[in-house]
Structures are given as structure tokens and as C-alpha cells.
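# Commentary on secondary and tertiary structure
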Amino acid sequence: MNVGRFIQYIASGTAYTVSVSLIALPLGLFLGLIFSLLYVYGGKILTRIMSIYSTVMRGIPPIVLLFILYFMVSGSINLSAFWAGSISLGIISSAYQMEIIRGALLSVSGGQMMAARAVGMSRMGAIKHIIIPQAFRMAICPWSNEAAIVIKDSSLVYALGVPEILRRAQLISASTQQPFLAFIIAGVIYFVLVFVTNRLLDGLDKRLRIPANP
Amino acid sequence: MPNPILVVKDLTKKYGDHIVFHDINMTINEGDTVVIIGPSGTGKSTLLRCINLLTKANSGQIWLDGEEITAPGHDEDEVRQHIGMVFQNFLLFNHLTALDNVKIGLSKVKKLKDDQAEAKAMQELERVGLADRAHHYPGQLSGGQQQRVAIARALAMDPRIMLFDEPTSALDPELIGEVLEVMGKLSKDGMTMLVVTHEMGFAREVSDRIIFLEKGSIVEDGPPEVLFYTPKFERTREFLWKITELYGKKESDS
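To keep things clear, this report deals only with the structure shown in the data block. Computed from a predicted model, the values in this text were never measured in an experiment.

The rules behind these values
Residues numbered from 1 in each chain as written. Chains lettered and ligands numbered in written order. Predicted model: local features only at pLDDT ≥ 70, side-chain atom pairs only at ≥ 80, totals over all residues. Heavy atoms only, no water. Helix = DSSP H or I, 4+ residues; strand = E, 2+ residues; numbered from the N terminus. Buried < 20%, exposed > 50% of the residue type's maximum accessible area, 1.4 Å probe, protein only. Contact = heavy atoms within 4.5 Å. Areas by Shrake-Rupley, 256 points an atom, 1.4 Å probe, with all protein chains shown as cover. Lys, Arg positive; Asp, Glu negative; His and termini not counted. Charge placed at Lys NZ, Arg CZ, Asp CG, Glu CD. Rg over C-alpha atoms; globule rule 2.2 N^0.38 Å. Pairing = 2+ DSSP bridges. Axes fitted to C-alpha atoms, helices over the stretch in contact; angles between N-to-C directions. Buried area = accessible area lost by both parts, 1.4 Å probe. Salt bridge = Lys/Arg side-chain N within 4 Å of Asp/Glu carboxyl O. Polar contact = N/O pair within 3.5 Å; in protein donor to acceptor, adjacent residues only side chain to side chain. Nonpolar A, V, L, I, M, F, W, Y, C, P; charged D, E, K, R; others polar. Parallel < 35°, antiparallel > 145°, perpendicular 65-115°, else oblique. Left-handed = near helix turned anticlockwise from the far one by under 90°. Core = buried A, V, L, I, M, F, W, Y, C linked by side-chain atoms within 4.5 Å. Expected span 1.5 Å × (residues − 1). Bend = angle between axes of the 7 residues up to and from the residue.

## A closer look at the overall build of chain A
For chain A, the helix and strand inventory stands at 9 helices and 0 strands. Dimensions of chain A along its principal axes, counting C-alpha atoms only, are 70 × 45 × 25 Å. Across the 214 residues of chain A, 44% fall into the buried class. Pairs at least 24 apart in sequence give 77% of the contacts found in chain A among residues at least 6 apart. Carbon together with sulfur atoms contributes 69% to the accessible area of chain A, which is approximately 10,800 Å² in total. Counting 16 positive and 6 negative side-chain charges, chain A places the averaged centre of each group 7 Å from the other.

## What to know about the overall build of chain B
When you go through chain B residue by residue, the secondary structure sums to 10 helices and 10 strands. A globule of 254 residues ought to have a C-alpha radius of gyration of about 18 Å, and chain B, at 18 Å, matches this closely. Once the C-alpha set of chain B is aligned to its principal axes, its extents read approximately 55 × 50 × 40 Å. Taking all 254 residues of chain B together, 54% fall into the buried category. For chain B, the share of sequence-separated contacts (at least 6 apart) that also reach a separation of at least 24 residues comes to 66%. Surface accessibility of chain B: about 11,000 Å² in total, with carbon and sulfur atoms responsible for 48%. Side-chain charges in chain B split into 29 positive and 39 negative, and the spacing between the mean points of these groups amounts to 2 Å.

## So, the pairing of strand E2 (residues 18–29) of chain B
Residue and element names in this part refer to chain B. Judged from the 8 bridges that link them, strand E1 (residues 4–15) and E2 form a sheet pairing that is antiparallel. Bridging from a neighbouring strand, Pro-4 pairs with Asn-29 of E2. Two successive antiparallel strands, E1 and E2, enclose a turn made up of 2 residues, where Gly-16 displays a positive phi of approximately 65°.

## Side note on the sheet that holds strand E4 (residues 59–64) of chain B
Residues and elements named next belong to chain B. In spatial order, the strands read E2-E1-E4-E5; together these 4 strands make up an open sheet with antiparallel pairing. Single-partner strands in this sheet number two, and they are E2 and strand E5 (67–68). Examined bridge by bridge, E1 and E4 share 5 bridges and lie antiparallel to one another. The residue of E4 that forms the bridge with Val-7 is Trp-63. In this fold helix H1 (residues 44–51) packs onto E1, E2 and E4, with an angle of close to 120° to the strand it touches most, E1.

## Quick notes on the interface of chain A and chain B
The interface of chain A with chain B comprises 21 residues on the first partner and 22 residues on the second. A per-residue breakdown of the area chain A buries against chain B is headed by Met114(A), Ala118(A) and Val119(A), which together make up 27% of the total. In this structure, Asp77(B) engages Arg117(A) in a salt bridge whose closest nitrogen and oxygen atoms are separated by 3.0 Å. Connecting chain A to chain B are 4 residue pairs in polar contact (both at pLDDT 80 or more). Broken down by secondary-structure element, the contributors of at least two residues to the side of chain A that touches chain B are helix H6 (110–118) and helix H7 (123–153) of chain A. At 7 residues, the largest contribution of residues to the side of chain A that touches chain B is made by H6(A). Partitioning the side of chain A that touches chain B into residue classes produces 12 nonpolar, 7 polar and 2 charged.

## Brief notes about the packing of H6(A) against H7(A)
Helix-helix packing is characterised by the crossing angle of the two axes and by the distance between the axes. All names here are of chain A. Two elements in contact, H6 and H7, have axes whose closest approach is 9 Å; the angle formed by their N-to-C orientations is 135°. Relative to H7, the element H6 is oriented oblique. Crossing angle aside, the handedness with which H6 passes H7 is right-handed. Where H6 approaches H7, its residues Gln-112, Met-113, Ala-116 and Arg-117 are matched on the opposing element by Arg-123, Ala-126, Ile-127, Ile-130, Ile-131 and Gln-134. Considered class by class, the residues forming the contact of H6 with H7 number 6 nonpolar, 2 polar and 2 charged.

## Details of the sheet that holds strand E6 (residues 83–86) of chain B
Residues and elements named next belong to chain B. Pairing within the open sheet is mixed, and its 6 strands lie in the order E6-E7-E8-E3-E9-E10. Sheet topology places E6 and strand E10 (217–222) at the edges, where each strand pairs with a single neighbour. Pairs of neighbouring strands in the sheet enclose a mean axial angle of 15°, with direction left out of account. Note: strand E7 (residues 161–165) against strand E8 (residues 193–196), 4 bridges, orientation parallel.

## Structural notes on the nonpolar core
Soluble globular proteins tend to pack their nonpolar side chains together in the buried interior. Grouped together as the largest cluster of nonpolar side chains are 99 residues, with contacts concentrated most on Leu125(B), Ile151(B), Met162(B) and Leu194(B). For this core, the element with the highest residue contribution is helix H6 (residues 173–188) of chain B, accounting for 7 residues. Sequence-distant contacts of Leu125(B), that is, excluding residues within four places in its chain, are made with Ala98(B), Leu99(B), Val102(B), Leu130(B), Ala131(B), Ala134(B), Val149(B) and Ala152(B). Ranked by size, the runner-up nonpolar core spans 24 residues in total, among them Leu66(A), Ala84(A), Leu89(A) and Leu201(A).

## Concerning helix H5 (residues 81–107) of chain A
Residues and elements named next belong to chain A. Between its terminal C-alpha atoms H5 stretches 39 Å, which fits the 39 Å expected from 27 residues at 1.5 Å a residue. Remark: the principal bend of H5, roughly 30°, maps to Ser-94. Here H5 lies mainly inside the structure; 19 of its 27 residues are buried.

## Focus: unusual backbone geometry
Residues and elements named next belong to chain B. Backbone geometry places Asp-10, a non-glycine residue, at a positive phi of 50°. Take Asp-10: it is sitting in strand E1. A positive phi angle, near 50°, is found at Lys-215, a position not held by glycine. Among the residues examined, Lys-215 registers a relative accessible area of 72% and is labelled exposed.

Here it is, written out as C-alpha cells:
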């Protein structure tokens, strides 16, 4: 048995895990931000549409959605499993991120909008310069939760055949008959990734915190 | 010849069947400080919000500097640049320092260059005596200081008129003086001001006119000496002296 080589083999899937997360999270953030703005400021019809989107997307297990989106995406465009999986995870995450940002937008008091309008800002200007910067700060903590979930859920793309950490762990487990060791290695790598990410986001939260904010 | 800055004609605001105020007529001349008083719930704050178009009146017209701002298709955002507004609860932008609070309208709305906007913002902070607090966040300032920053923020836009919506009502008693002092100085410098307040000392000493609003309409409109001592309606005198007793002890002593 060569534990060193197992670790090396499984760990070399980390690049995939990190890449999938680095595509899914920003994509989910971008879509989530737009969707949440439409939800909060878009008027009745858009609010309704976004509310349905959120309910449906959050009501189906990510793995099921991943397969549906994967076959939809790869059916229409010729994409690798890696890209199709990453984009699908980003779309799934957008529903959760939309709810996080929506909550943050709503927690900025209505007076801030009124004061911004009073100095002559347009509604769009007020949202951009006053509301979003404040909401963004409030969203960091709940967002770090979603970041952890996406990193862990990136393991789902193993079902599409992407050779990331979990996929490799399973191969090792099957070929060596040592599942415990293989999955422990995978677990430790995931834990370290999530731990470091949350630490970074905590640091960002502290750095951006508004001094003595009531 | 007095130059009318703000003219309000037959302004009416209602929510459903509830009439907040109706057929309000008033003219504010350049350089005048006019105080609006009246029992709570008579629509004083709503009136101010209707004047700077934050709330839409149901009917009536408003002219600013001879231009009808209630005319359909008028650019409301542009109008608000020329009307400064100070709120009861300050409403400073929480994520910005005092300096940036004053600066943001200059850079984002008036599109001034960064160094110009900064210099102008600093100048306005000096005007309210807070240059040394420029880099403090709202949460690090006292209520009185926050309100002075809010005044500077409104002044920075070089408004034609300043609206004050109970600017001292949310302040601890010992902080009221510094805000009234800034307002008094502004008035003396010739700023046109429309002030909703319960501070009778300020109304008597600083204002050119007092408007008594009750149950959604103007009861009386005249110089403070008249309203305090020889009003047309006994009700006006009663209200004024009652409020003076409740709020104005310190000022009336001086």
C-alpha cells in the first residue's frame, strides 16, 4: 500500500473542485444579484416570476437539477461535462444567492433610499451607490455559508464523470478495497477548502465592516 | 420686490378617503425663513415630502423659481437637486464617512471631478463646524453632529431652498442647540428655509413668518410677533404657548 501516492492522486482532483467552485460561485452571484434586484425593485410581475424561480429551484435536490440542466445544456450546445456541470451548479446556486441578497437588500432601511432620492439621485443611482454597498456588507456572512455549500456540492459533478476529488476517491476505494482511507482523504481536502474559504470571507467581513454602525 | 422661490397652490394630498391636507396655498420668498407648526398628524411632514416630490400630491401645483415642477413630464430627480431636505432621523448614508456623505451627491449627481467634489464637501463640513469629523462614520458621531452633516450634505448641492422636517425632534435636549445654531446662521446668511419644528424659541427669534397648520389646512400665516401676541384666532395663540411651554423652556428664558 502506498498512502502517499493515494493522497497525491486524490488531491490532484482539487484543481477540478476549485475550478468548478470558482465558476459556479461567481456565476451564481452574478445571476443572484440581478434576480434579487428584479425581485425587490422589479414590480409585481417580475417579483412573481422570481419568487417562482426561487421556489422551484430550491425545492428540487441539486443532483436532480444538475442532471436536468446538464442534459438541457449539453443537448443544445456542445460543452464538456466540466463546463456543463459548473454552469449548472452556478444556476442552482443563483436561487440561493438571490435569497441571500434579497434579504440583505430588504434590511437596508427605506430611509436610505429616500435620503438618496432627496439629494437628486435616480432610483437606479440610489440602488447602485447607496443600497447595494450596504447590502453587500450584510450579505457576506450568509454568503460564506452558500460558498461552503457550493464547494461541497461541486462533488456532485463526479456523477457526470469529472475527475474531481470524490471521483478519484471512489476510484481508489474500488481499486484498493480501502474505502475508509480513500474517503477520509477526500473529506480532509474538502474540509480544508471550506475552512480556508470561510476564513477568507470572515476576514473580508471584518475589513469591510462599517465602524460603529448602529 | 420680494422674489418668490417657492409657490404652492391648492395642494391636496389624500390617502384613499383620508385627507392629509387640502388646498394649501403658500409663497416663500427668497431669503425667508418660514416655520410651519401644528399638532402632530396634520400633514406637515407629508407637505414637505410633496414639495420635493418624494410623495405625489393628488392635486395642486408647485413652482420652484418660477418653474412649475408639478407639470407632467418634469424631471423629478433634477428638481430634487435644487431642494435641500433634512430629515428628523438624519438618514445619513451609513456606509460612508461624513465627508463622503456630503461628497456623494456632488460626484454622482452633479458629476464633479473628485478633487472638486472633495474640496466643496470639506467646505460644507466647515460651514457646519465639523471639518475635524470628516473621516468619521455616522455611527461614530453624536445625533447633533449627524444632523449637521445631513445639513451639509443638503447644502452641498447649492439648493434654492432648504426643507427641514423636525430636524431636532430626535435629538437629546443637550444636542438641540448646536443644530439650531447652524440653522440660525444659515438663515442669517440668506438661505431660503421652510422648517417644520416645535422649537418655539427658533420660530420666534429666527423666522420671518410662522404658518399654523391644523387638520390639514392653514389656520394662520404671519410674522411671529403677530402669531404669538395678536393672532386672528385664539386657537393659534393657545397652541403656540402650549408648545412653547412643552418644548421651548430654554429658548424662551433667553
